[in-house]
Amino acid sequence: MKIVAFTNEKGPRLGVVEGDQAIDLSAAGGNAPTDLGDWLAVHDGDLKPLADLAKRAPASARRPLANLTYGLPIARPGKTICLGLNYLEHVKEGAQRDNVPKFPTIFMRGRTSLVPHGKPIVRPLVSETLDYEAEMILVVGRRARHLTAANALSCVAGYSCGNEGSVREFQRKTTQWDMGKNFDHTGGFGPWFVSTDELPPGGKGLKIETRLNGKVMQSDNTDNMMFPVIETLVYVTQGITLEPGDIIFTGTPSGVGFARTPPVWMKNGDVCEVEIGGIGVLRNPIADESAA
């Protein structure tokens, strides 16, 4: 099941995607949720009632995807955990090429750094070094701590596409990456949420690609993660409780802009697309930050 968040004149909505349309759940029933994260928390990750609600919806509840104003698939992520250096070829193109990590590299992003499908990713006033990073995003559906390889996937509700935009100049100023990873409106998340039953376990075997103005910049497969979803969840939950609505960016492949000669930075007027097989295409224009 694909679930899309959007807004209209009546406020936030959730819809179940069917073909090129979304079934507006609020038009299908009076108690329909408007925030997927809240629903996951209250219903312990159970999505079946949403599918049942969509099946009962009248024809008038259908909305063309082309006309939607998209929202973040999880409107208010509790925690946004990110993996760095999770594809070996990406490690080799960067400063850590001689120091291949033995454990997942973990950092965090704030909600103000994220924008939904269709909204501009913003190049900040203070730097031109805005880079793209295609990533598969994992959405947590159930509370989890001390997971094992045998039960790790039980906490996963589904997946989405991410563009983990990074302001490289500020990422490199210190040994901690968080400043360069948290500029306002620099990371894309969407276009929608895809439940685990539509994808291979752990999101394995999916083609992942970035296109900048139609040119392929990154192309790889999620099979090539150094720390796949199961191993990552086991590692993280040794110390961090995962809760419904938390999200995890699972790392980017090689081909990023900083590693090119000359470097390629996203700039005003560009369009960046992240496509992941079985999930969809996240598309964001790039715009300069307003000086106002």
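Everything discussed here concerns the structure shown above.
Residues numbered from 1 in each chain as written. Predicted model: local features only at pLDDT ≥ 70, side-chain atom pairs only at ≥ 80, totals over all residues. Heavy atoms only, no water.

J.: Hey, could you run me through the overall build of the protein chain in this one?
T.: When its secondary structure is counted, the protein chain shows 5 helices and 19 strands. Computed over its C-alpha atoms, the radius of gyration of the protein chain comes to 18 Å, within 12% of the 19 Å expected for a compact globule of 292 residues. Seen through its principal axes, the protein chain has C-alpha atoms that stretch 55 × 45 × 30 Å. Per-residue burial for the protein chain yields a buried fraction of 53% across its 292 residues. Of the contacts formed within the protein chain by residues at least 6 apart in sequence, a portion of 76% connects residues at least 24 apart. Total accessible area on the protein chain is roughly 12600 Å²; 51% of this is exposed by carbon and sulfur atoms. A gap of 1 Å separates the mean positions of the 31 positive and 33 negative side-chain charges of the protein chain. (Helix = DSSP H or I, 4+ residues; strand = E, 2+ residues; numbered from the N terminus. Rg over C-alpha atoms; globule rule 2.2 N^0.38 Å. Buried < 20%, exposed > 50% of the residue type's maximum accessible area, 1.4 Å probe, protein only. Contact = heavy atoms within 4.5 Å. Areas by Shrake-Rupley, 256 points an atom, 1.4 Å probe, with all protein chains shown as cover. Lys, Arg positive; Asp, Glu negative; His and termini not counted. Charge placed at Lys NZ, Arg CZ, Asp CG, Glu CD.)

J.: Whenever I open this one, helix α5 (residues 229–236) confuses me. Can you help?
T.: The α-helix advances 3.6 residues per turn, and as a result positions three or four apart in sequence lie on the same side. Looking only at α5, the buried set comprises Val 229, Thr 232, Leu 233 and Val 236. Axial view of α5: buried residues confined to an arc of 95°, hence all on one face. Of the surrounding secondary structure, the elements contacted by the buried residues of α5 are β6 (80–84), β7 (105–109), β11 (134–140), β12 (156–163) and β17 (247–249). (Arc of directions from axis to C-beta.)

J.: How should the sheet that holds strand β16 (residues 215–221) be read in this particular structure?
T.: Sheet strands associate in pairs through backbone hydrogen bonding, adopting either a parallel or an antiparallel arrangement. With mixed pairing, 5 strands are arranged side by side in an open sheet as β9-β19-β18-β15-β16. At either margin of the open sheet sits one strand with a lone partner, and together these are β9 (121–123) and β16. Across this sheet, the average inter-strand angle for adjacent strands is 20°, counted without regard to direction. (Pairing = 2+ DSSP bridges. Axes fitted to C-alpha atoms, helices over the stretch in contact; angles between N-to-C directions.)

J.: Just checking my understanding: could you explain the packing of aromatic side chains for this structure?
T.: Ring pairs (aromatic) are described by centroid distance and by the angle formed between their planes. Taken as a whole, this structure holds 3 aromatic pairs when the rule is applied. On the numbers, 6.3 Å between centres and 25° between planes, the contact of Phe 103 with Tyr 235 is stacked. Here Tyr 235 lies in helix α5 and Phe 103 lies in the loop between α3 (88–92) and β7, a separation of 132 residues in the sequence. For the pair Phe 107 and Trp 177, a centre-to-centre distance of 5.5 Å together with 65° between the ring planes defines the contact as edge-to-face. One end of the pair, Phe 107, is in strand β7; the other, Trp 177, is in the loop between α4 (168–171) and β14 (187–195), with 70 residues separating them in the sequence. Here Phe 107 and Trp 177 have matching classes, each one buried. A cation over an aromatic ring shows up here: Lys 173 above the ring of Phe 170, its NZ or CZ 4.9 Å from the ring centre. (Phe/Tyr/Trp six-rings, centres within 6.5 Å; stacked < 30°, edge-to-face > 60°. Lys NZ or Arg CZ within 6 Å of the ring centre and 35° of its normal.)

J.: Quick question: what am I supposed to make of the pairing of strand β3 (residues 21–24) here?
T.: Within a regular strand, the side chains alternate between the two sheet faces. By the bridge criterion, 4 bridges tie strand β2 (residues 11–18) to β3 in an arrangement that is antiparallel. If you follow Gly 15 over to β3, its bridge partner there is Asp 24. Counted along the chain from β2 to the antiparallel partner β3, the turn is 2 residues long, and its residue Gly 19 has a positive phi close to 60°. Here 3 bridges tie β3 to strand β4 (residues 62–64), and the two strands are oriented antiparallel to one another. When the sheet's bridge partners are listed, Ile 23 is paired in β4 with Arg 62.

J.: Please explain the pairing of strand β15 (residues 207–212) as it appears in this structure.
T.: Where burial is concerned, most of β15 is hidden: 5 out of the 6 residues are buried. Both β15 and β16 contribute to a ladder of 6 bridges, which runs antiparallel. Directly across from Ile 208, in β16, lies its bridge partner Asp 220. Connecting β15 to the antiparallel partner β16 that follows it, the hairpin turn spans 2 residues, and Asn 213 within it adopts a positive phi of roughly 55°. Bridge analysis of β15 against strand β18 (residues 271–276) gives 5 bridges, and the strand direction is antiparallel. Counted as the bridge partner of Leu 212 is Cys 272 from β18.

J.: Whenever I open this one, the state of the cysteines confuses me. Can you help?
T.: Linking two cysteines covalently via their sulfur atoms produces the bond known as a disulfide. With the rule as written, the count across this model stands at 0 disulfides. Just so you know, Cys 155 is unpaired, no disulfide at all, and the nearest cysteine sulfur is the one on Cys 82, 16 Å from it. You can call Cys 155 buried: its relative accessible area is 2%. Counting only cysteine sulfurs, Cys 161 is the nearest neighbor of Cys 272, a cysteine outside any disulfide, at a range of 12 Å. (Disulfide = S-S within 2.5 Å.)

J.: What am I meant to see in helix α2 (residues 48–55) here?
T.: Turning to α2, its buried residues number three or more, namely Leu 50, Leu 53 and Ala 54. What you see down the axis of α2 is that its buried residues fit within an arc of 100°, all on one side. Projecting away from the buried face of α2 at angles above 90 degrees are the exposed residues Lys 48 and Lys 55. Summarising the contacts, the buried residues of α2 are in contact with β1 (2–8), β2, β3 and α1 (36–42).

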